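# What the coordinates show
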Amino acid sequence: MILAINDTAPVPTGFSADAHIELAEQHAAQTYAPLPVVVSSARGSWVTDVDGTRYLDCLAAYSAVNFGHSNPEILAAAREQLEKVTLVSRAFHHDQFGPFCAELSTLVGKEVVLPMNTGAEAVETGIKLARKWGYEVKGVPDGQANIVVAGGNFHGRTTTIISFSDDDSARAGFGPYTPGFRTVPYGDIGAATAAVDEHTVAVLVEPIQGEAGVIVPPADYLRRIRDLCTHHRVLFIADEIQSGLARTGTTLACEHFGVVPDVILLGKALGGGVVPVSAVLADADIMGVLRPGQHGSTFGGNALACAVGRSVVRMLSTGEFQERARVLGHHLQSRLRRLIGSGVTEVRGIGMWAGIDIDPSLGTGRTVCEGLMRHGVLAKDTHGSTLRLAPPLVIDQPEIDWAVDQLAAVLAELG
Ligand SMILES: Cc1ncc(COP(=O)(O)O)c(C=O)c1O
């Protein structure tokens, strides 16, 4: 049990935290507003800053570090592969590619894998796949395809993806926008049904909306989306980039709702917190519409990424991380719910993933994150007054209790 901060880590020499932050402010594009903490090392659920102060990481790089920082099994796989071959491009085969695709396909239950790098690339790939399928298989007239998406979505930052965002800070000023998307309220099956027509090729949703504040849809929503898609011969695309790979207590969040999408998008944790690895999975009758030259990426499916991805798949195959997220997540959710009425107005979530609405009279989510940082916990706010917690799944119960105690203390200080 590690509850004290500031105890063991060596203080590195070099720039002070302030000097690092100043350098970043002068020389890096200001597209983020990070908390003023400068991490120099990390292990398990903990990160250490340049002054030797330790913090419990309750963000896990937006679920990209599900298996903990410096996970020994992932690092061993990466190190071994670094010594052999890292990149040959897709112009040639390499000996990690076939096994990675086969093993991931077995884990997720889809026949074919298309590896990419970032989450946004996986989403773009899913969109291209759905359009091509729509024209070639469904018979939609060329250039007429539409895709139904949900309000409050977050699928990435490319020009096409932000074209169907309703978050002004993500979208405004970046037009002209890509056409072919219809936005309906998340969780509203009637609106989704009304939006589908004979030119609809896909419904694209997050099974649980992460960036929106960990929004869990009504219990029958995804099943009814599945039925809608089946009925109208439309592809159901699930963006599991943040919700997937054990975060919610199952390999895919869709499992909680008993649905199987046609196309599954994975990213973040697939790279083990080491390299960007994303993937699109579908059966051969869908993926088969993409042929040589029609889609690709220099780095997608590289040998290092595949070796790391294989180690992630191996860890998920035992079910251990899913079980941890389920059991410890249940504890996290019930501890957090006890804060309702004491500075918290609502708690949402499944597994080790929680969205906590802070009473706006106490301050913003950012204020709470700054307070938590002073208490040795790193978390991230979203949409003004919501706090998100998504710790690495290697966190233990005393650490969860300690983090919730720090949150209670911060709320008491603000109250
Ligand atoms: C659901 C979802 N899809 C896509 C993305 C984009 O992933 P990336 O930042 O790797 O491009 C994110 C990132 O937060 C996400 O949460």
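Every value quoted in this text rests on a predicted model; they were computed, and no experiment measured them.

### Quick word on the pairing of strand E9 (residues 263-266)
The two faces of E9 match: Val263 and Leu265 on one face and Ile264 and Leu266 on the other face are all buried. Here strand E8 (residues 235-239) pairs with E9 via three bridges, running parallel. Note on E9: the bridge partner recorded for Asp239 is Leu265. Summarising the sheet, E9 and strand E10 (residues 278-282) pair through four bridges and their orientation is antiparallel. Residue pairing for E10: Leu266 is matched across the bridge by Ala279.

### Observations concerning the pattern of salt bridges
Taken as a whole and assessed by the stated rule, the structure comprises 17 salt bridges. Here Glu80 makes a salt bridge to Lys84, at a shortest N to O gap of 3.1 Å. For Glu80, a relative accessible area of 48% translates into the label partly exposed. Given the relative accessible area of 55%, Lys84 is considered exposed. The partner of Glu346 in a salt bridge is Arg348, with the nearest N and O atoms 3.3 Å apart. In this structure Glu346 comes out as partly exposed when scored by relative accessible area, which is 37%. Judged by its relative accessible area of 12%, Arg348 is buried. One network of salt bridges, with partners in common, ties together Lys132, Glu136 and Arg291.

Scoring rules and cut-offs
Position labels on residues start from 1 in each chain and follow its written sequence. Per-residue local features of the predicted model are confined to residues with pLDDT of at least 70, and side-chain atom pairs are confined, for both listing and counting, to 80 or more; whole-chain, interface and lining totals are unaffected and use all residues. Side-chain calculation: all heavy atoms of the structure are included, whereas hydrogens and water are not. Buried, partly exposed and exposed residues are distinguished by accessible area as a fraction of the type maximum, computed with a 1.4 Å probe on protein chains only: under 20%, between the cut-offs, and over 50%, respectively. For the purposes of this entry, the term helix denotes a DSSP run of H or I that reaches at least four residues, the term strand denotes a run of E that reaches at least two, and both are numbered from the N terminus. Here, strands pair whenever DSSP counts at least two bridges between them. The salt bridge definition used is simple: a Lys or Arg side-chain nitrogen within 4 Å of an Asp or Glu carboxyl oxygen.

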